[in-house]
Each structure stands twice: as structure tokens, then as C-alpha cells.
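So you can see what is in the structure, the chains are spelled out below.
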Amino acid sequence: MSTKGAGEFLEAVSQDETLREKFSEVTNPQEFLNVCEQLGYRFTTEELRDIVKERSQGIFVRRNTGVWKWLRSVNWV
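Now for a quick tour of the structure. (Residues numbered from 1 in each chain as written. Predicted model: local features only at pLDDT ≥ 70, side-chain atom pairs only at ≥ 80, totals over all residues. Heavy atoms only, no water.)

## Describing the overall build of the protein
At step 1: Tallying secondary structure elements over the protein gives five helices and zero strands in all.
At step 2: Each helix and strand of the protein, placed in order from N terminus to C terminus, yields the pattern α-α-α-α-α.
At step 3: Going through the 77 residues of the protein one by one, you find that 35% of them count as buried.
At step 4: Expressed as a percentage of contacts within the protein between residues at least 6 apart in sequence, the contacts between residues at least 24 apart total 64%.
At step 5: Surface summary for the protein: the accessible area is close to 5,300 Å², and the carbon and sulfur share equals 47%. (Helix = DSSP H or I, 4+ residues; strand = E, 2+ residues; numbered from the N terminus. Buried < 20%, exposed > 50% of the residue type's maximum accessible area, 1.4 Å probe, protein only. Contact = heavy atoms within 4.5 Å. Areas by Shrake-Rupley, 256 points an atom, 1.4 Å probe, with all protein chains shown as cover.)

Here it is in C-alpha cells:
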């Protein structure tokens, strides 16, 4: 598990609508991680949070589409 894996996942999913659709039924962090592992990505929610924070520095307005929309829709608590 690593932030490298989380970064690779974010890069892939940001460019692939079909990949994003695999998460349409995800409702919690464990389901999210299970789908990621099935796709060959291994990381923790903390590692994902760290890489998202790092890649979001300086961004104040976010789109309502793409990868960020469904990342925000999961109850990460």
C-alpha cells in the first residue's frame, strides 16, 4: 500500500469514464477499497486523502464532474 498506488489510481480514474463507472454503487470506504483492490490498486483511505490533498493544493473551485464528484459523494467517515 502506498501513496504511489493512490496516485496511479487517481491518474487512471481521472482519464477513464468506464473506470469511474465501476464505483457508481460504492457507498462507503470499504466498498471503495474493495473495488480498487479488484482493479489492482492497493492503498488506504488515508493514503488516498494525502494524495488528493497534495494534488489539490491551490485549487479553490472544483468541478462537479469527473473523479472528484464521486470521491465527494462517498461518506469517508
